[in-house]
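Here are the chains, one letter per residue:
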Amino acid sequence: MNEKVYGSSIDLDSGIGAKYAILPGDPERVAVIAGYLENPKPLSVHREYTSYEGYLDGEKILVISTGMGGPSATIAVEELAMIGVDTVIRLGTCGGMQPEVRSGELILPTAAIRQEGTTKEYVYGEFPAAANFDVVRALDEAAEKVGVKVHKGIVQSKDSYYGQHMPDRMPAERDLKEHYDAWIRAGALASEMECAAVFIVSQVRRLRAGAVLHVIWNKERERAGLSSKTTRDLDLAIQTVTEGIRILIKKRKRSESTNEIQF
Ligand SMILES: O=P(O)(O)O[C@H]1O[C@H](CO)[C@@H](O)[C@H]1O
Ligand SMILES: O=c1cc[nH]c(=O)[nH]1
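Residues numbered from 1 in each chain as written. Chains lettered and ligands numbered in written order. Predicted model: local features only at pLDDT ≥ 70, side-chain atom pairs only at ≥ 80, totals over all residues. Heavy atoms only, no water.

Undergrad: Looking at this model, I keep getting lost on the overall build of the protein. Mind explaining?
TA: Each helix and strand in the protein was counted, giving 8 helices and 10 strands. Compactness check: the protein gives a C-alpha radius of gyration of 18 Å against a globular reference of 18 Å for 263 residues, within 12% of the reference. Dimensions of the protein along its principal axes, counting C-alpha atoms only, are 50 × 45 × 35 Å. A burial count over the protein gives 52% of its 263 residues as buried. Across the protein, contacts joining residues at least 24 apart in sequence account for 77% of those joining residues at least 6 apart. Of the roughly 12400 Å² of accessible surface on the protein, 51% is carried by carbon and sulfur atoms. The positive charge centre, built from 33 side chains, and the negative charge centre, built from 37, are 3 Å apart in the protein. (Helix = DSSP H or I, 4+ residues; strand = E, 2+ residues; numbered from the N terminus. Rg over C-alpha atoms; globule rule 2.2 N^0.38 Å. Buried < 20%, exposed > 50% of the residue type's maximum accessible area, 1.4 Å probe, protein only. Contact = heavy atoms within 4.5 Å. Areas by Shrake-Rupley, 256 points an atom, 1.4 Å probe, with all protein chains shown as cover. Lys, Arg positive; Asp, Glu negative; His and termini not counted. Charge placed at Lys NZ, Arg CZ, Asp CG, Glu CD.)

Encoded structure:
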């Protein structure tokens, strides 16, 4: 069997030599993100997976879209792991859930609520979907450098976009609303669809994973009668991810030269 048949990774062979990958959901954002790298070059377009390569401080970086939701995101990460990538950063959008989370700000998830089906086929529900500490720390440092406001904490990853936005239309309305309200009461910052899957498969395959999420809107603020515009410009999120990778590259080089063990 050709293990990469579904492929994100596509025709990428294991000699590609990239350790870092940036994972937007939307294929159309791949070229935009690659524009922040040195020598960007398109690699492949297959199903929801569009990929580019480029460089940051001499290190090869892949940018590859995951599509929407856990199933396709885990395929991307699995196949990146197969070709030697060991650090992945999701770069996506989310909707704010707390009043202090405003459009245009960033979320750095420390962990994700596993309200989705894919990761149940990896490991039991008690296991947390957590981001890698070193990756979160580097992204936090990067955000400070970029000068963008970030919120660090828990995000909700769910399968049904319309279950979030139009629960009234679902026969499972009561359950959806009860859970969403519980997440808000417990302090979940924002809602999206892939972090849990990216974090769990990364943990299981021993990759480091993190995420930077751009807040496009906050429907909870709207419901409370507070201002909330829609903002789709991901420039600050992209700057934060590329700066975060630069920090990770530097740290890895430093630890390699002092023979510190990374994992
Ligand atoms: O902007 P992206 O990365 O696609 O992320 C968010 O947007 C999509 C839903 O609108 C889902 O994929 C969700 O996680
Ligand atoms: O509200 C939102 C915004 C982006 N992505 C989601 O899944 N939900």
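Next comes the rest of the write-up.
Undergrad: How do you make sense of the layout of surface pockets when you look at a structure like this?
TA: If a probe as big as a water molecule is rolled over the atoms, it shows which places are left empty. One number sums up the size of the largest pocket: a volume of about 480 Å³. In this structure, the largest pocket is lined by 23 residues; those nearest its centre are Arg-29, Met-68, Thr-93, Tyr-161 and Ile-216. Residue assignment for the lining of the largest pocket shows that the elements contributing at least two residues are strand 5 (87-96), helix 4 (161-165), strand 9 (190-192) and strand 10 (208-217). Top element by residues in the lining of the largest pocket is strand 5. It accounts for 5 residues. Class assignment for the residues of the lining of the largest pocket results in 8 nonpolar, 8 polar and 7 charged. (1 Å grid on protein atoms, 1.4 Å probe; cavity = no way out; pocket = protein on both sides within 12 Å on 5 of 7 lines; lining within 4 Å. Points joined across faces, edges and corners; volume = space filled by probe spheres on them. Nonpolar A, V, L, I, M, F, W, Y, C, P; charged D, E, K, R; others polar.)

Undergrad: Quick question: what am I supposed to make of empty space enclosed by the protein here?
TA: Enumeration according to the criterion identifies 1 cavity of 30 Å³ or more in this entry. Roughly 40 Å³ of internal volume is contained in the largest cavity. Looking at the largest cavity, the residues that line it are Gly-95, Gly-96, Gln-164, His-165, Tyr-180, Trp-217, Lys-219, Glu-220 and Arg-223. Ranked by residues supplied to the lining of the largest cavity, first place goes to helix 7 (residues 219-223) with 3 residues. Of the residues assigned to the lining of the largest cavity, the class counts are 2 nonpolar, 4 polar and 3 charged.

Undergrad: Help me understand the packing of aromatic side chains, please; the structure alone is not making it clear to me.
TA: Each aromatic ring pair is described using two quantities: the centre-to-centre distance and the angle formed by the ring planes. Evaluation of the coordinates by the stated rule reveals 1 aromatic pair. Both rings, one in Tyr-161 and one in Tyr-162, keep their centres 5.1 Å apart while their planes meet at 90°; by these two values the pair is edge-to-face. Above the face of the Trp-217 ring, Lys-219 is positioned so that its terminal group lies 4.4 Å from the ring centre. (Phe/Tyr/Trp six-rings, centres within 6.5 Å; stacked < 30°, edge-to-face > 60°. Lys NZ or Arg CZ within 6 Å of the ring centre and 35° of its normal.)

Undergrad: Explanation requested: the site of ligand 1 in the structure shown.
TA: In the vicinity of ligand 1, the contacting residues are Gly-25, Arg-29, Met-68, Arg-90, Gly-92, Thr-93, Tyr-161, Glu-192, Met-193 and Glu-194. Separating an oxygen atom of ligand 1 from a backbone N or O atom of Gly-25 is a distance of 3.1 Å. At a separation of 2.8 Å, an oxygen atom of ligand 1 approaches a polar backbone atom of Met-193. Out of a free accessible area of 340 Å², ligand 1 has 87% covered by protein chains. Using a 2 Å cut-off from the grid points, one finds that ligand 1 occupies the largest pocket. (Near = heavy atom within 4 Å. Polar contact = N/O pair within 3.5 Å; in protein donor to acceptor, adjacent residues only side chain to side chain. Sits in = over half its atoms within 2 Å of the grid points.)

Undergrad: Help me understand the site of ligand 2 in this model?
TA: The environment of ligand 2 is formed by Thr-93, Cys-94, Gly-95, Lys-158, Tyr-161, Gln-164, His-165, Ser-191, Glu-192, Met-193, Ile-216 and Trp-217. Note that a nitrogen atom of ligand 2 is positioned 2.8 Å from one of the side-chain N or O atoms of Gln-164. One of the side-chain nitrogen or oxygen atoms of Trp-217 is found 2.9 Å away from an oxygen atom of ligand 2. Secondary structure elements with two or more residues in the shell around ligand 2: strand 5, helix 4, strand 9 and strand 10. Among the residues making up the shell around ligand 2, the classes are represented as 5 nonpolar, 5 polar and 2 charged.

Undergrad: I'm lost on the environment of Gln-239 in this one. Help?
TA: Its location among the elements puts Gln-239 in helix 8 (residues 235-257). Overall, Gln-239 belongs to the partly exposed group, its relative accessible area being 29%. Spatially, the C-alpha atom of Gln-239 lies 8.2 Å from that of Ala-143, the residues being 96 residues apart in sequence. Every residue in contact with Gln-239, bar those within four places of it in the chain, is listed here: Tyr-36 and Val-146.

Undergrad: Can you help me understand the pairing of strand 8 (residues 150-158) in this one?
TA: In summary, the side chains of a regular strand alternate between the two faces of the sheet. Across the 9 residues that make up strand 8, a large majority, 7, are buried. Relative to strand 8, strand 6 (residues 106-115) runs parallel, the two sharing 9 bridges. In the strand pairing of strand 8, Leu-108 is matched with Lys-152. The pairing of strand 8 with strand 9 spans 3 bridges and is classified as parallel. The residue bridging Gln-156 from the neighbouring strand is Ser-191, located in strand 9. (Pairing = 2+ DSSP bridges.)

Undergrad: Sorry if this is basic, but what is going on with the environment of Glu-144 here?
TA: Along the chain, the position of Glu-144 falls in helix 3 (residues 133-146). Residues Glu-144 and Thr-87 lie 57 residues apart in sequence; the distance between their C-alpha atoms is 21 Å.

Don't take any of this as a statement about function, it's just geometry.
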